[in-house]
Amino acid sequence: MIQAIDLTKRYEDGLLALDHLNLTITPGQIYCLLGANGAGKTTTINLFFNFIEPTSGTALLNGKDCAQAPLEAKKYAAYVSENVMLYGNFTARQNLDFFSRLAGRKNLEREDYYMVMRQVGLPERAFEQRVKTFSKGMRQKLGIAIAILKQAPALLLDEPTSGLDPKAGAEFVDLLTTLRGEGKAILMSTHDVFRAKEIADVVGIMKEGVLIMEKTREDLKYEDLEKLYLKYMEVS
Amino acid sequence: MIRHIIQKELRVNILSMRFHAGLAVSALMMGIVGYVLIEDYAARVQKYIADVQEHREALAQTKVYSMVAIVVDIPPSPLSVFSRGSQDLPTSVRVSPYHVPSAADEAGEGATISLHGTGSRPSNPLLRMFSSIDLTFVISTILSLFAVILVFDSFSGELEQGTLKMLLSASAGRAQLYAGKFLGALVSLAIPLTVGFLEVIVLWTIHPGLALDARAWADAGLVYLCSLLFLSSFLALALLIALYARESSSCLMTLLLAWVGVAVVIPAGGEYLAEGTRPVSARENLLAAEARSKADFEKTIEGIDYRQIGGWNNASTDQFEGESLLGITAEEVQNRLAYNLKVFPLKFRFAEDHYSAVEAYGQELRSWRGVRENMIRPSLCVQYSNLVSALAGTDAAAFEETVARARRYRDALMSFLQPRVESPRWFTRALDYPDVQPTEANRAYWQSLIDHQGERAVERILSWDRVAPVDLAGLPTPVLAPPGAGERAERAMPDLLLLFACCGLCCTLGIIRVRRYPLN
């Protein structure tokens, strides 16, 4: 569902942000990308949505080339950023309505939006509240709600739990687990080693644009991911 | 897809404080300016009606054919409410045997009016710009500034806010996003524009002295569409500039600079630079040629033998115009007629020669106007102003066409008058009113009258007031119909195409640029 083949990005200033990345995420799988700031995690997600163009290699969503056919490819994926920022003067439902229409979902009723917002754990009073009054946790949940309404088989999340309080973080993880159960392929970049170990089916560690380690849940069963992560970070 | 983005843009704009502020300012300005201009138009209509009546009565009171002069009043254009056009153009054109109308000297002071319509306006380009505040000016400055404020953060704002990635991740293409933002901003701008137009139409409709006919409605609709085209072009330019900015604050400053350039610097600076190319020497040549031809004319007149036989009373003569004599003997009438048969053809020829010289200067002025117009035309505001004034028929070209029609009318007038040069009624009514002859034989009668009633008794008898007007049956009537739709469209076409081209070019460049707009 989500596939990178020798995906490489070198910026105009010469910085090699991503170096021949290869990864595959199948439906019902959560792939956590770990790495320090500047490791290339956000660049990877940006390439899947064609926010930036690859220098070489291919990013595929459901077999569609994200650089060659971006509009076609984006239909299969939803995006949740580190800091979901929506239209502050719109209510939560109005934001949902706009983004779901943009994603091609029409004829949704008010109750459909309410249902999704309940599903992600937003309090009822927030449904018709302007988003500019929302906390970060509420905005992240609304971001997930938008992704759910898109009904895309793949979900790409760029450090979505960063800055969330433990309770909100735990709720977020529960939500992802549910989505995995529904067969979504999920790529999540994060700094949070513990959270990654908790939910990931596959964990990749990136350093300076290179995927230096990739291990499955089975591989990590008897390993301390935090130590492993620190070990890889120390290796020059 | 684009429809949803348009709806979102519209909703975001309508909910914003800047939209409400802009709407209030534009509605206020358009309402005030519209009210003032409608009152001004109503006053000009009243003046036009009064002038027509006054000139008609004056013509009907003409006592001799040589004094026939027709003042053709130009009706004010209803669309002058939107565009007052060239400010110093006269409201009437005088047609007489001694004057061939030319657009170059219709101010009545020789070749002092310039064809570009700034002759009597301040020489300071800034004062000149603000001397003509009409609805076109309000739309091209206030609403264009509103456009800038509306779109300065279209992309940089969404980038800073983080919603740009959300938008692009939701299956929206960049070109679609651009189109949606462009059309959304245009629909948002159409709201204050429509409110302003409605204000003007309502004020116009309820004005007791004015009526909106079908043509005025259609023309107002055309001006509205042209205003939308102008705002589209301005928006496309603003969005293109906005796509080169990554920070909203710097983008706003850049766009404000661009606005100052388009709305102020190019129009005023272009005019200022064009002053340097004004054909001063051509005007000096004209004045010198005028002086020479006058001297030649006077010399020729002096060469014609004429010896006055009897005295004149209540006489009006002008070397270059017609003459009216009363209180002369029948012998002097015949004597003067023989002289006038030689002099008046010379006066007609002098008028034709003077026209040729003025027209030569007019050609120079037209060339200069072309230079000036091209210097200021890069500004979208100027293109829009030209377009509306061409549609309104308030541009200098419309006035030139009116003058050309007046010139053609003079040909018909001359056909009527020239055979009458041979009649004594060309210059006198003494033969029709022999009782007012101050001959020696009647002097005793006059003296007795003066003794009894005072000097004014004789003045009354000798006055032209007692003389019946000359027969003007068959005099052609001037018809100066306002320029037709075809003529106006032809004159509006260059600026219309330019605005379309600017809009198309900016949109194309915008779509190219948005594909490369960096999101990282």
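Residues numbered from 1 in each chain as written. Chains lettered and ligands numbered in written order. Predicted model: local features only at pLDDT ≥ 70, side-chain atom pairs only at ≥ 80, totals over all residues.

**Description of the overall build of chain A**
Phase 1: Scanning chain A from terminus to terminus reveals eight helices and 10 strands.
Phase 2: Scaling as 2.2 N^0.38, a compact globule of 236 residues should have a C-alpha radius of gyration of about 18 Å, and chain A matches this with 18 Å.
Phase 3: On the principal axes, the C-alpha backbone points of chain A span a range of 50 × 40 × 30 Å.
Phase 4: Taking all 236 residues of chain A together, 47% fall into the buried category.
Phase 5: Contacts in chain A between residues far apart in sequence, at least 24 positions, make up 68% of those at least 6 positions apart. (Helix = DSSP H or I, 4+ residues; strand = E, 2+ residues; numbered from the N terminus. Rg over C-alpha atoms; globule rule 2.2 N^0.38 Å. Buried ≥ 20, exposed ≤ 12 C-beta atoms within 10 Å, placed from the backbone. Contact = placed C-beta atoms within 7 Å.)

**Looking at the overall build of chain B**
Phase 1: If you tally the helices and strands in chain B, you get 16 helices and four strands.
Phase 2: Expressed as a percentage of the 520 residues in chain B, the buried residues total 41%.
Phase 3: When contacts within chain B are restricted to residue pairs at least 6 apart in sequence, those whose partners lie at least 24 apart make up 85%.

**What to know about the domain arrangement of chain A**
Residues and elements named next belong to chain A.
Phase 1: Assigned domains within chain A: domain 1 (1-76 + 154-236) and domain 2 (86-151).
Phase 2: Summarising the inter-unit geometry, the C-alpha centres of domain 1 and domain 2 are found 25 Å apart.
Phase 3: Across the contact, nine residues belong to domain 1 and seven residues belong to domain 2.
Phase 4: Here the side of domain 1 that touches domain 2 gets four residues from one element, more than from any other, and that element is helix H6 (residues 166-181). (Domains from an automatic or database assignment.)

**Topic: the interface of chain A and chain B**
Phase 1: The partner chain B presents 18 residues to the 21 residues of chain A that form the contact.
Phase 2: Going through the elements one at a time, helix H2 (70-74) and helix H3 (92-102) of chain A are the ones with two or more residues in the side of chain A that touches chain B.
Phase 3: The leading source of residues in the side of chain A that touches chain B is H3(A), at four residues.
Phase 4: Tallied by class, residues from the side of chain A that touches chain B come to 12 nonpolar, five polar and four charged. (Nonpolar A, V, L, I, M, F, W, Y, C, P; charged D, E, K, R; others polar.)

**Details of the sheet that holds strand S6 (residues 77-80) of chain A**
Residue and element names in this part refer to chain A.
Phase 1: Read across the open sheet, the six strands follow the order S6-S7-S8-S3-S9-S10; overall the sheet is mixed. Strand pairing shows two members of the sheet lacking a second neighbour, S6 and strand S10 (210-216), which therefore form its edges. Taken over all neighbouring pairs, the strand axes of this sheet differ in orientation by 15° on average, direction set aside.
Phase 2: Where strand S3 (residues 30-35) lies against strand S9 (residues 202-207), five bridges are found, and the strand directions are parallel. Its bridge partner being in S9, Cys-32 is matched across the sheet by Val-203. (Pairing = 2+ DSSP bridges. Axes fitted to C-alpha atoms, helices over the stretch in contact; angles between N-to-C directions.)

**Description of the sheet that holds strand S5 (residues 64-65) of chain A**
All names here are of chain A.
Phase 1: With antiparallel pairing, the four strands of this open sheet are ordered in space as S2-S1-S4-S5. Because the sheet does not close on itself, it has two edges, and the strands there are strand S2 (16-25) and S5.
Phase 2: Note that strand S4 (residues 56-61) and S5 share two bridges and pair antiparallel. Directly across from Leu-60, in S5, lies its bridge partner Asp-65.

**Considering helix H9 (residues 248-275) of chain B**
Every α-helix winds through 3.6 residues per turn, so residues three or four apart in the chain are directed the same way.
Residue and element names in this part refer to chain B.
Phase 1: If you check H9, its first and last C-alpha atoms are 39 Å apart, about what 28 residues at 1.5 Å a residue would give, namely 40 Å.
Phase 2: Its axis deflected by about 45° at Val-265, H9 carries its strongest bend there, up to four residues before the proline Pro-267.
Phase 3: Every buried residue belonging to H9 is among Cys-251, Leu-255, Trp-259, Val-262, Ala-263, Pro-267, Gly-270, Glu-271 and Ala-274, and all of these are buried. (Expected span 1.5 Å × (residues − 1). Bend = angle between axes of the 7 residues up to and from the residue.)

**So, the pairing of strand S1 (residues 2-10) of chain A**
Residues and elements named next belong to chain A.
Phase 1: Pairing of S1 with S2 involves six bridges; the strand directions are antiparallel. Bridge pairing links Leu-7 to Leu-21 in S2.
Phase 2: Hairpin remark: S1 followed by S2, antiparallel, with five residues in the connecting loop; positive phi at Gly-14, about 100°.
Phase 3: The pairing of S1 with S4 spans five bridges and is classified as antiparallel. By the bridge assignment for S4, Ala-4 is matched with Ala-59.

**Overview of the nonpolar core**
Phase 1: Ranked by size, the top nonpolar core spans 157 residues in total, and within it Ala147(B), Leu235(B), Ala238(B) and Ala242(B) carry the most contacts.
Phase 2: Of all the elements, helix H8 (residues 214-242) of chain B adds the most residues to this core, at 14 residues.
Phase 3: Mapping this core onto the domain boundaries places at least three of its residues in each of domain 1 (1-76 + 154-236) and domain 2 (86-151) of chain A.
Phase 4: Ala238(B) has contacts with Ala147(B), Val148(B), Val151(B) and Leu255(B), leaving out every residue within four places of it along the chain.
Phase 5: Core analysis: the second largest hydrophobic core is formed by 34 residues, Tyr65(B), Leu89(B), Tyr361(B) and Leu365(B) among them. (Core = buried A, V, L, I, M, F, W, Y, C linked by C-beta atoms within 7 Å.)

**Let's talk about helix H16 (residues 485-515) of chain B**
All names here are of chain B.
Phase 1: In a regular helix each residue adds 1.5 Å, so 31 residues correspond to 45 Å; H16 covers 42 Å between its end C-alpha atoms and thus fits that length.
Phase 2: For H16, the principal kink sits at Met-493 and spans about 45°; a proline, Pro-494, occurs within the next four residues.
Phase 3: Among all positions in H16, only Arg-488, Arg-491, Ala-492, Asp-495, Leu-499, Cys-502, Cys-503, Cys-506, Cys-507, Gly-510 and Val-514 are buried.
Phase 4: Where H16 is buried, its residues contact helix H7 (174-206), H8, helix H12 (380-392) and helix H13 (396-417).

**Quick notes on the packing of H3(A) against helix H4 (residues 110-119) of chain A**
Residues and elements named next belong to chain A.
Phase 1: Following both chains from N to C, one finds H3 and H4 inclined at 105°, their axes separated by 10 Å at the closest point. One way to sum up the angle between H3 and H4 is to call them roughly perpendicular. Taken together, the residues of H4 that come into contact with H3 (itself represented by Ala-92, Arg-93, Leu-96 and Asp-97) are Arg-110, Tyr-113, Val-116 and Met-117.
Phase 2: Its residues placed into classes, the contact of H3 with H4 shows five nonpolar, no polar and three charged. (Parallel < 35°, antiparallel > 145°, perpendicular 65-115°, else oblique.)

**Remarks on the environment of Asp395(B)**
Residue and element names in this part refer to chain B.
Phase 1: For Asp-395, the position within the fold is in the loop between H12 and H13.
Phase 2: What makes Asp-395 buried here is the crowd of 25 C-beta atoms within 10 Å.
Phase 3: Between the alpha carbons of Asp-395 and Glu-54 there is a distance of 26 Å; along the sequence they are 341 residues apart.

**Quick word on unusual backbone geometry**
All names here are of chain A.
Phase 1: The backbone of Asn-107 shows a phi angle near 60°, a positive value even though the residue is not glycine.
Phase 2: One non-glycine residue, Glu-159, lies in positive phi territory at about 45°.
Phase 3: Take Glu-159: it is sitting in the loop between strand S7 (154-158) and H6.

**Details of the environment of Ala360(B)**
Residue and element names in this part refer to chain B.
Phase 1: Mapped onto the elements, Ala-360 comes out in helix H11 (residues 330-376).
Phase 2: Ala-360 sits in the partly exposed class, given 15 other C-beta atoms within 10 Å.
Phase 3: For the pair Ala-360 and Val-479, spaced 119 residues apart in the sequence, the C-alpha separation amounts to 26 Å.

**Some details on the environment of Asn22(A)**
Residues and elements named next belong to chain A.
Phase 1: Turning to its location among the elements, Asn-22 is positioned in strand S2.
Phase 2: Assessed through the 12 C-beta atoms surrounding it within 10 Å, Asn-22 is described here as exposed.
Phase 3: Taking C-alpha positions, Asn-22 is 9.5 Å from Val-210, a pair spaced 188 residues apart along the chain.
Phase 4: In this view, Asn-22 contacts Ala-4, Ile-5 and Asp-6; residues no more than four positions away in its chain are not counted.

**A closer look at the packing of H3(A) against helix H5 (residues 136-150) of chain A**
All names here are of chain A.
Phase 1: In the contact formed by H3 and H5, the axes pass within 9 Å of each other and the chain directions differ by 35°. The way H3 lies across H5 gives a crossing that is right-handed. Here Ala-92, Asn-95, Leu-96, Phe-99 and Ser-100 of H3 lie close against H5, whose contacting residues are Leu-142, Ala-145, Ile-146, Leu-149 and Lys-150. (Left-handed = near helix turned anticlockwise from the far one by under 90°.)

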